[in-house]
Amino acid sequence: MKFYISTTGIKRLTISSAGASKASPATRRISGRTVLPLVLVLALILPFLFVRIAFIVLESATACSSTLDCIGWRFFSGSDESMLREELTRALLEAKDGKVDNNEQGIESFNQLVQEMTLKQQDVKAFAFKTKAMLSRMEHKVQSARQRESIYWHLASHGVPKSLHCLCLKLAEEYAVNAMARSRLPPPEYVSRLSDPSFHHLVLLTDNVLAASVVISSTVEKSANPGKLIFHIVTDKKTYTPMHAWFAIHSIQSAVVEVKGLHQYEWSQGVNVAVKEMLEIHRLIWGKYYKNLKEEDFEYDGEHKRFLEALSPSCLSLMNLLRIYIPELFPDLNKIVFLDDDTVVQHDISSLWELDLNGNVVGAVVNSWDGDNCCPGRKYKDYFNFSDPIISSNFDHNRCAWLYGMNVFDLEAWRRANITETYHHWLKLSQESGLTLWRPGIIPPALIAFEGHVHHIDPLWHVAGLGSRSPEVPRDILEAASVIHFSGPAKPWLEIGFPEVRSLWNKHVNSSNKFVRKCRIMG
């Protein structure tokens, strides 16, 4: 072995055998200029290779039976990210077209899904199908919960609150023991006004004492001339004594209030028979829809919601259905303003009696306050069955329905046009057609009976829908409306009433009254 050392240090090391020639090809030389770049390159590449291999191993843990095979395939193949995306897309499309059994017991949470996928080492396709099954079951549960919640919400509107029942009992007791509560309504000196056409006559058909008090107090408060107002309240026999007691004790300043019970009317035998037939047909239509609601399994697509709204208590309410007999209830009156008991008057409405109906029977709001032709849910197709040729051949499914609840009626024109007879004709036609021409309630047959006899009035006279879900009427429209109407299940005297609009009704409740306080009526 020989060493060669220069004056500047060791630059070259030659190792050779003792007998080798000086020019032997076996001589090996290692240069410092070659080693340093090689070390730098390896220092850069090795960390990247380590991280790359680690990611591939992790991604292959559940997808491959052999990790080494998967590593080789993924390492030497192109972009595994794009391939994974393609594989996942293909699996999702297959799962989209595949059928899922919602009744099969399966994964109920994301944690369970992750645990099963990692333990069983299942592929992307299995992941897609299991995810679809889990989401499908969850969607079904959400739809079912929404449907039940909507049903319970509508059922809540059927009951009479304990506070209102208490108020009727207290007033009935007062009627029995207090002579003032039995005093004549109206006082004898005002009886002549009941049929005087120079006064402004308003009609309420209701069995709700509190609601009637709010309608009358709000109307009088906003009237420019309350002395011209004559209120005619018609109620049933069971509510007559509390209704009479309330307005006998709480006399309305200047205005005149008349309270009459149905038992005080002496109708002819023909009218009595017609009323019974009307009630029976409405009950049969209601019963048919109620049976369908129980037998059908509605998804939450709005179909069952329309059924539920049609099955509201007002569909079978005698006081609600008798509005078609207003000319018979008030044979001496010619022009009236009709108000539902779930309305509040916010501005003076005296100009309604001066309104020229141009020979029509009813003045009503048809167009919407927001500028559209009519509000959603108020077209003929929302009330009638246009698959029946009787309906489709006579009416336009896109026609807007007019609002019931605040209307001007010309009773003379009503009698000339035979509106009540037309109403009964179509009720019988519906019965002969299997009770499928329209949804339950008074509105569909009334729309037909008054067809061609409706005079459009300004939309701000009557803004309705405040008892429906999520009333979205702007505040400035609510304040500008002459009459606001809590149509829908959420009446303001119920706990399900919407707080954002209930205050508009509550402020007219006589909260200082001893009966209201004792019965703890919301105010």
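Residues numbered from 1 in each chain as written. Predicted model: local features only at pLDDT ≥ 70, side-chain atom pairs only at ≥ 80, totals over all residues. Heavy atoms only, no water.

With an unreviewed UniProt entry as reference, the protein is termed Hexosyltransferase, source organism Prunus mume. In the Subcellular location (unreviewed entry) part of its UniProt record, the protein is described as follows: "Golgi apparatus membrane". Under Sequence similarities (unreviewed entry), UniProt gives the following word-for-word description of the protein: "Belongs to the glycosyltransferase 8 family." (UniProt positions renumbered as here; feature names shortened; annotations may be inferred.)

This next bit is on the state of the cysteines. What makes a disulfide is a covalent bond joining the sulfur atoms belonging to two cysteines. For the structure shown, the criterion picks out one disulfide. The disulfide partner of Cys166 is Cys519, and the gap between their sulfur atoms is 2.1 Å. Judged by the sign of its S-S torsion, about -75 degrees, the cystine formed by Cys166 and Cys519 is left-handed. Taken together, the positions of Cys166 in helix H6 (residues 162-177) and Cys519 in the segment after helix H19 (514-518) put the pair 353 residues apart, joining distant regions of the chain. On the accessibility criterion, Cys519 (7% relative accessible area) is buried. Here Cys168 is not cross-linked by a disulfide; its sulfur's nearest cysteine counterpart is in Cys519, at 8.9 Å. Cys168 sits in the partly exposed class, given a relative accessible area of 23%. (Disulfide = S-S within 2.5 Å. Helix = DSSP H or I, 4+ residues; strand = E, 2+ residues; numbered from the N terminus. Buried < 20%, exposed > 50% of the residue type's maximum accessible area, 1.4 Å probe, protein only.)

Any two aromatic rings considered together are summarised by their centre-to-centre distance and by the angle between their planes. With the rule as written, the count across this model stands at 16 aromatic pairs. On the numbers, 5.4 Å between centres and 40 degrees between planes, the contact of Tyr380 with Phe384 is tilted. In this structure, Tyr380 and Phe384 share a single accessibility class: buried. Aromatic ring contacts, followed pair by pair, group Phe338, Trp402, Tyr404, Phe409, Trp414 and Phe450 into a single cluster. The ring of Tyr265 has Lys260 lying over it, and the distance from NZ or CZ to the ring centre is 4.2 Å. (Phe/Tyr/Trp six-rings, centres within 6.5 Å; stacked < 30°, edge-to-face > 60°. Lys NZ or Arg CZ within 6 Å of the ring centre and 35° of its normal.)

Within the fold, Arg439 resides in the loop between helix H15 (419-432) and helix H16 (443-449). A polar contact is formed between the side chain of Arg439 and the backbone oxygen of Asp382, at a distance of 2.5 Å. (Polar contact = N/O pair within 3.5 Å; in protein donor to acceptor, adjacent residues only side chain to side chain.)

Glancing now at the pattern of salt bridges. Taken as a whole and judged by the stated rule, the model has seven salt bridges. Glu277 is paired through a salt bridge with Lys428; the nearest N and O atoms lie 3.9 Å apart. Highlighted residues: Glu277 in helix H9 (residues 269-295) and Lys428 in helix H15, separated in sequence by 151 residues. For Glu277, a relative accessible area of 35% puts it in the partly exposed group. (Salt bridge = Lys/Arg side-chain N within 4 Å of Asp/Glu carboxyl O.)

It is worth spelling out H6 at this point. Taking 1.5 Å as the rise per residue, H6 with 16 residues should run 22 Å; its terminal C-alpha atoms sit 23 Å apart, in good agreement. All of the buried residues along H6 are Ser163, Leu164, Leu167, Leu171, Glu174 and Tyr175. For H6, the arc enclosing every buried residue in end-on projection is 115 degrees, short of the 170-degree limit, so these residues lie on one face. For H6, exposure combined with an orientation more than 90 degrees from the buried face picks out Lys162, Leu169, Ala176 and Val177. The inward-facing, buried residues of H6 contact helix H7 (209-222), helix H8 (237-249) and H19. (Expected span 1.5 Å × (residues − 1). Arc of directions from axis to C-beta. Contact = heavy atoms within 4.5 Å.)

What follows covers the nonpolar core. In terms of nonpolar packing, the biggest core is built from 64 residues, with Phe231 and Phe247 touching the most fellow members. For Phe231, the contacting residues outside a window of four places in its chain are Leu202, Leu204, Ile216, Thr219, Val220, Ala255, Val256, Val257 and Glu258. In terms of nonpolar packing, the next biggest core, distinct from the first, is built from 55 residues, Phe384, Ala401, Trp426 and Leu429 among them. (Core = buried A, V, L, I, M, F, W, Y, C linked by side-chain atoms within 4.5 Å.)

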